[in-house]
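# Summary of the model geometry
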Amino acid sequence: MSVMVARKKVVRKWEKLPGRNTFCCDGRIMMARQKGIFYLTLFLILGTCALFFAFECRYLAVQLSPAIPVFAAVLFLFAMATLLRTSFSDPGVIPRALPDEAAFIEMEIEATNGTVPQGQRPPPRIKNFQINNQIVKLKYCYTCKIFRPPRASHCSICDNCVERFDHHCPWVGNCVGKRNYRYFYLFILSLSLLTIYIFTFNIVYVALKSLKIGFLNTLKETPGTYPSTSLTVLTVLEVLICFFTLWSVVGLTGFHTFLVALNQTTNEDIKGSWTGKNRVQNPYSHGNIVKNCCEVLCGPLPPSVLDRRGILQQEESTAQEESCPRGPSAKEPTAAQGSAGQEESVTAVFSLQVPAPSLSNAEMPEEKQLMSGELPVPSQDAGQAEH
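Residues numbered from 1 in each chain as written. Predicted model: local features only at pLDDT ≥ 70, side-chain atom pairs only at ≥ 80, totals over all residues. Heavy atoms only, no water.

The name given to the chain in an unreviewed UniProt entry is Palmitoyltransferase, and the organism recorded there is Atlantisia rogersi. UniProt, in the comment section headed Sequence similarities (unreviewed entry), describes the chain in these words: "Belongs to the DHHC palmitoyltransferase family. ERF2/ZDHHC9 subfamily." In UniProt, the chain has this text filed under Catalytic activity (unreviewed entry): "L-cysteinyl-[protein] + hexadecanoyl-CoA = S-hexadecanoyl-L-cysteinyl-[protein] + CoA". (UniProt positions renumbered as here; feature names shortened; annotations may be inferred.)

Encoded structure:
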């Protein structure tokens, strides 16, 4: 006998989300697919800090203060925490329109614009929205089939519309948007302080060693004997990495500090959206640096609208071959097996029906005899006599 068993397969929503993203830990971690430069960022930070803690920190803690490695560790942990928070979180991806929603939007657009003659270019799909007495245009996304909210943009790398889109940063392996911009800013700020800190104390370390044994003798020292270190390879390598990183990271931090003070995004600054041309001013700026900083860095963080770990249930039917006993040994489930028989009948659908052996009226239970009409129903007078 062939048995069809219906099983429910639990599918998370992140498995069906469109776009070019990578999900890990059952949808808890969301990143872009291009993560090579992110691994390089981890390697540079971990490698430089490991060399600093292994060599210079021991000598500086003895010669100057034990607080030097402690403060360096605090900066390192804070920078790593904000980096991972930026890289592993949802930047503010806007869900794409469902087929019914997309069809309804298309009907609205056709009703507004009318039928376009063949050969003519259709008008741009734009809606005007007013913010602080300033007209803001909402553009239609042909990929997501939605009118993007204000300050949102479509990332060509992740193939998603991101709310308050700033830019796609390959160094963190993710887009930077409304939900992770503050962590991105804190990351580059703490990384700038950490780079300056390591670079400064590398110079101090070389200066202290040079005062004791001379600069040339310091460079000739070999590793293996505390407090001597291999400055010719390790310390010089740290100094070079910090020197070249210093200009880019500190410059990036200064640029984003300027944007935060004006309540602008990198995307708006590159496009020149609020440059003052045609009397167009930034409607999102409060006209106060403190208020702008508080809104961008300390404002309420909106929850993710993706519901990545939501459940989509799908039923799968699997066929199983089972032997069906025939003959006198095949009996219907008894009263003791009634509950088990009912549970099996719920989960199994028989594609081949085997007729059950017929029972006589004597063997038939009273419930079935009542249904079949074989058992006489007691009359009303008999019921009154019993009472």
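### A few points about the overall build of the chain
In terms of helices and strands, the chain carries 11 helices and 13 strands. When contacts within the chain are restricted to residue pairs at least 6 apart in sequence, those whose partners lie at least 24 apart make up 66%. Carbon and sulfur atoms make up 61% of the accessible area of the chain, which totals about 24,000 Å². (Helix = DSSP H or I, 4+ residues; strand = E, 2+ residues; numbered from the N terminus. Contact = heavy atoms within 4.5 Å. Areas by Shrake-Rupley, 256 points an atom, 1.4 Å probe, with all protein chains shown as cover.)

### Some remarks on the UniProt feature "transmembrane region" (unreviewed entry) in the chain
Under the present numbering, the feature "transmembrane region" (unreviewed entry) in UniProt falls on residues 37–55, 67–84, 183–208 and 228–250. Helix makes up 100% of residues 67–84 and strand 0%, whereas the separation of the span's terminal C-alpha atoms amounts to 26 Å.

### Side note on the sheet that holds strand β4 (residues 93–94)
In space, the three strands of this open sheet follow the order β4-β9-β8, with antiparallel pairing throughout. The outermost strands of the open sheet, each flanked by one partner alone, are β4 and β8 (153–155). Pairing of β8 with strand β9 (residues 160–162), which is carried by three bridges, proceeds in the antiparallel orientation. If you follow H154 over to β9, its bridge partner there is C161. (Pairing = 2+ DSSP bridges.)

### Some thoughts on the confidence of the model for the chain
Per-residue confidence for the chain gives a mean pLDDT of 76; residues scoring 70 or more make up 69%. Below a pLDDT of 50 lies the segment residues 222–229, which in the model reaches 17 contacts outside its immediate sequence neighbourhood of four places, other chains included. The low-confidence segment residues 321–387, where pLDDT is below 50, has 34 contacts with residues more than four positions distant or belonging to other chains. (pLDDT = per-residue confidence, 0-100.)

### Brief notes about the nonpolar core
Core analysis: the largest hydrophobic core is formed by 38 residues, its most contacted members being I45, F52, L83 and F187. Looking at this core, the elements that each hand over two or more residues are β3 (29–32), α1 (36–63), α2 (67–87), α4 (181–213) and α6 (231–262). When residues of this core are assigned to their parent elements, the largest contribution, 13 residues, is made by α4. Excluding its chain neighbours within four sequence positions, the residues that come into contact with I45 are F76, M80, L83, F187 and L191. Counting residues in hydrophobic clusters, the runner-up holds eight residues, among them I94, A102, A152 and C161. (Core = buried A, V, L, I, M, F, W, Y, C linked by side-chain atoms within 4.5 Å. Buried < 20%, exposed > 50% of the residue type's maximum accessible area, 1.4 Å probe, protein only.)

### What to know about the pattern of salt bridges
If you walk through the whole model with that rule in mind, you get six salt bridges. We note a salt bridge from D159 to R20, for which the minimum N-O separation is 4.0 Å. Here the residue D159 occupies a position in the loop between β8 and β9, and R20 occupies one in the loop between β1 (2–12) and β2 (21–24), the gap between them amounting to 139 residues. Its relative accessible area of 17% is what places D159 among the buried residues. Salt bridges here are not isolated pairs; linked through shared partners, they connect R20, R96 and D159. (Salt bridge = Lys/Arg side-chain N within 4 Å of Asp/Glu carboxyl O.)

### Concerning the environment of V305
Note that V305 resides in the loop between α8 (289–298) and β12 (311–321). For the pair V305 and V93, spaced 212 residues apart in sequence, the C-alpha separation works out to 7.6 Å. Not counting the four nearest positions on each side in its chain, V305 is found in contact with V93 and P95.

### Regarding the packing of α1 against α2
Axis separation between α1 and α2 bottoms out at 10 Å; the angle between their running directions is 170 degrees. With respect to α2, the element α1 is oriented roughly antiparallel. On α2, the residues touching F38, T41, L42, I45, L46, C49, F52, F53, C57, L60 and A61 of α1 are I68, P69, A72, A73, F76, M80, L83, L84 and S87. Looking at side-chain class alone, the contact of α1 with α2 contains 18 nonpolar, two polar and no charged residues. (Axes fitted to C-alpha atoms, helices over the stretch in contact; angles between N-to-C directions. Parallel < 35°, antiparallel > 145°, perpendicular 65-115°, else oblique. Nonpolar A, V, L, I, M, F, W, Y, C, P; charged D, E, K, R; others polar.)

### Details of the side chain of N180
Structurally, the position occupied by N180 is in the loop between β11 (174–176) and α4. Polar side-chain contacts of N180 include one of 2.8 Å to the backbone nitrogen of G177. Those residues in contact with N180 that sit more than four places away from it in its chain are T86, S89, P91, N174 and C175. (Polar contact = N/O pair within 3.5 Å; in protein donor to acceptor, adjacent residues only side chain to side chain.)

### Let's talk about the sheet that holds strand β5 (residues 126–131)
The strand order across the open sheet formed by three strands is β5-β6-β7, and the pairing between neighbours is antiparallel. Two strands bound the open sheet, and with one partner strand each, they are β5 and β7 (146–147). As judged from the six bridges shared by β5 and strand β6 (residues 134–141), these two strands associate in the antiparallel manner. Bridge pairing in β6 links K127 to L138.

### What about unusual backbone geometry?
Of note, the phi angle at N132 is positive, near 55 degrees, even though the residue is not glycine. Residue placement: N132 occurs in the loop between β5 and β6. Even without a glycine there, the phi angle at D307 is positive, about 55 degrees. Here D307 lies in the loop between α8 and β12. By relative accessible area, which is 42% here, D307 ends up partly exposed.

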